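Read off the chains here:
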Amino acid sequence: MPDAPAGVAQGKVLLGISGGIAAYKGAYLVRRLRERGIAVRCAPTLAAESFVSPLTLEVLSGERVYGQNYLSRDGGVDGAELHVEAARWADLLCVAPATANTLARLSLGLADDFLSTTALMFEGPVVVAPAMHDAMWCKPQVGAQVEALRSRGAEIVGPVEGALASGERGWGRMAEPEEIVDAVCRTLALPDDGATSPVGPLGGKRVVVTAGPTFEAIDPVRFLGNRSSGRMGFALARQAALRGAEVILVAGPVNRAAPDGVQRIDVVSAVEMEAALAETAPSADLIVMAAAVADYRPLRCADRKLKKSGADGLVLELEQNPDLLAGLATVAPRAVRVGFAAETERLESAARGKLKAKQAHWIVANDVSRPDIGFEAVDNEVVVFGRNDAPVRLAKQSKDELAGRLLELFAGDMPGEDAAGESS
């Protein structure tokens, strides 16, 4: 494999983690692999999740973590089951630690959870790092499984002699993460001249995200606004940063801390947001317009607080705000442009109309009339419309998890890549 340019992953590793005490080292292994410029997705078994949390693995890898919903189409690429997607994504499968049970299932070709099903589907190189008590490691049946894997081309790394979870010393301790990483790099024919800068699937990309509402002033104390919490936009910014992107978050007036590693620009009105986009969007590779921008603003803002005047009502004359998403076609023509459609009826027709009218690449539509997925909700459920593809339906899930799935979808349209993720 040739050297990769700075900020571009040099290889893609699916890391299977099985349920032994050494599973906690999976977190270190993820970090060491990323330091070598390798993109990592993790597939912990159900037992492994008792030792290391999926959230920890996701934060460290900046990538999705595959659970046990391996027959689900939710979040898959082009409708593929998740184990098919994962097997096609990876350049190498690494299983560390591999318990005696996992070794046997890999050797026999069992396929009863995500890791074993994906391993049976996978056609590339495999690196396995066993870990168990030495009494188990010395059993002939375990040796037979290891030899069967080795005869089929798997590289077996370790185990080594050292302290065991039982408090004893013996053979069966998992090889150190550095040794496993060296084996992965050798197998992928990567240079062994030291670490590179950490990368992710969006390494070297510039992503601009808008979030929250806009407030349009009526007078010094009142405004027109909406109930957007900014949760979805902030989740997108966080997930983009975890995936290695340089992220600029243009945030409307919300009381929410900026994610780590994200540059934040605070605005209040739609006009201020337009000005911020004029500065940041032209150099972006991906722009995600998750903000709920007010369609209208008062034609005039009173200099002083408006007072009640008898029984008379108040008439406000409004004018349209600039169409920020549509304007991006001129401001940032090379960027992938994504809009959101918060609808209460006719979701699909409204989203398709917006996709065409705004010259966007993607529209993410959700039904804000539902209290469980609308404004201020923790979860969301969306239908994503692209220019050429059938709608992608992403089932109800946390907005943070959904943000990761959306970024995976948009990554295929990033500049310099075609829909398959290959250089154009």
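All values reported here derive from a predicted model rather than from experimental measurement.

**Student:** How should the sheet that holds strand β4 (residues 126-130) be read in this particular structure?
**Tutor:** Neighbouring strands of a sheet are bound in pairs by backbone hydrogen bonds; such pairs are parallel or else antiparallel. Ordered by their spatial adjacency, five strands build an open sheet running β2-β1-β3-β4-β5, and the pairing between neighbours is parallel. Across the chains shown, the open sheet's two edge strands, defined by having one partner strand only, are β2 (38-44) and β5 (155-156). When strand β1 (residues 11-17) meets strand β3 (residues 92-98), the two strands line up parallel, connected through four bridges. Opposite L15, over in β3, you have C94 as the bridge partner. Seen against the sheet, helix α4 (residues 100-108) touches β3 and β4 and runs at an angle of roughly 145 degrees to β3.

**Student:** Could you clarify how one ought to interpret the environment of K358 in this entry?
**Tutor:** Looking at the element boundaries, K358 is found in the loop between α12 (347-357) and β17 (362-367). Take K358: its relative accessible area is 17%, and that puts it in the buried class. Counting along the chain gives 34 residues from K358 to L324, while the straight-line C-alpha distance between them is 9.1 Å. Discounting chain neighbours no more than four positions away, the residues touching K358 are D323, L325 and A326.

**Student:** Would you mind going over the nonpolar core with me for this structure?
**Tutor:** Most often, soluble globular proteins keep nonpolar side chains buried together rather than apart. Core analysis: the biggest nonpolar cluster contains 35 residues, and L236, L286 and L406 have the highest contact counts within it. Top element by residues in this core is helix α9 (residues 231-242). It accounts for seven residues. Ignoring any residue separated from it by four or fewer positions in sequence, one finds L236 in contact with V209, V288, A290, F340, A403, L406 and L407. Membership of the second largest hydrophobic core comes to 33 residues, among which are L33, A48, V65 and A175.

**Student:** I keep staring at the confidence of the model for the protein chain and nothing clicks. Help me out?
**Tutor:** As a note on interpretation, predicted positions should not be read in detail where pLDDT is low. In this model, the protein chain carries a mean pLDDT of 83, and residues with pLDDT of at least 70 account for 88%. Across residues 194-198, where pLDDT falls below 50, the model places 11 contacts with residues more than four positions away in sequence or in other chains. For the stretch residues 417-424, pLDDT sits under 50, and the model shows nine contacts to residues farther than four places along the chain or on other chains.

**Student:** Before we go on, may I ask you to explain helix α11 (residues 324-331) in this structure?
**Tutor:** Every α-helix winds through 3.6 residues per turn, so residues three or four apart in the chain are directed the same way. Within α11 the residues assigned to the buried category are L324, L325, L328 and A329. Each buried residue of α11 lies within a common arc of 165 degrees when the element is viewed along its axis, so the set occupies one face.

**Student:** Is there a simple way to explain the pattern of salt bridges in this structure?
**Tutor:** A pair can form between side chains of opposite charge whenever their charged atoms are brought close. Considering all chains together, one arrives at 26 salt bridges under this definition. As a salt-bridge pair, E85 and R64 come within 3.5 Å of each other at their nearest N and O atoms. Taken together, the positions of E85 in helix α3 (residues 82-89) and R64 in the loop between α2 (54-61) and α3 put the pair 21 residues apart, joining distant regions of the chain. For the pair shown, E85 and R64 are each scored as buried. Note that E408 and R64 form a salt bridge whose closest N and O atoms lie 3.1 Å from each other. Placement of the pair is E408 in helix α13 (residues 399-411) and R64 in the loop between α2 and α3, with a sequence separation of 344 residues. For the pair E408 and R64, one class covers both residues: buried. Through salt bridges with shared partners, a single network forms among R41, E63, R64, E85, E401, R405 and E408.

**Student:** For this particular structure, what's the right way to read helix α8 (residues 177-187)?
**Tutor:** Turning to α8, its buried residues number three or more, namely P177, I180, V181, A183, V184 and C185. Tucked into the core, α8 has its buried residues touching β1, α1 (25-35), β2, β3, β4 and β5. Where α8 terminates, the next one or two residues include A189, which has phi positive at roughly 60 degrees.

Calculation criteria
- Residues numbered from 1 in each chain as written.
- Predicted model: local features only at pLDDT ≥ 70, side-chain atom pairs only at ≥ 80, totals over all residues.
- Heavy atoms only, no water.
- Pairing = 2+ DSSP bridges.
- Helix = DSSP H or I, 4+ residues; strand = E, 2+ residues; numbered from the N terminus.
- Contact = heavy atoms within 4.5 Å.
- Axes fitted to C-alpha atoms, helices over the stretch in contact; angles between N-to-C directions.
- Buried < 20%, exposed > 50% of the residue type's maximum accessible area, 1.4 Å probe, protein only.
- Core = buried A, V, L, I, M, F, W, Y, C linked by side-chain atoms within 4.5 Å.
- pLDDT = per-residue confidence, 0-100.
- Arc of directions from axis to C-beta.
- Salt bridge = Lys/Arg side-chain N within 4 Å of Asp/Glu carboxyl O.

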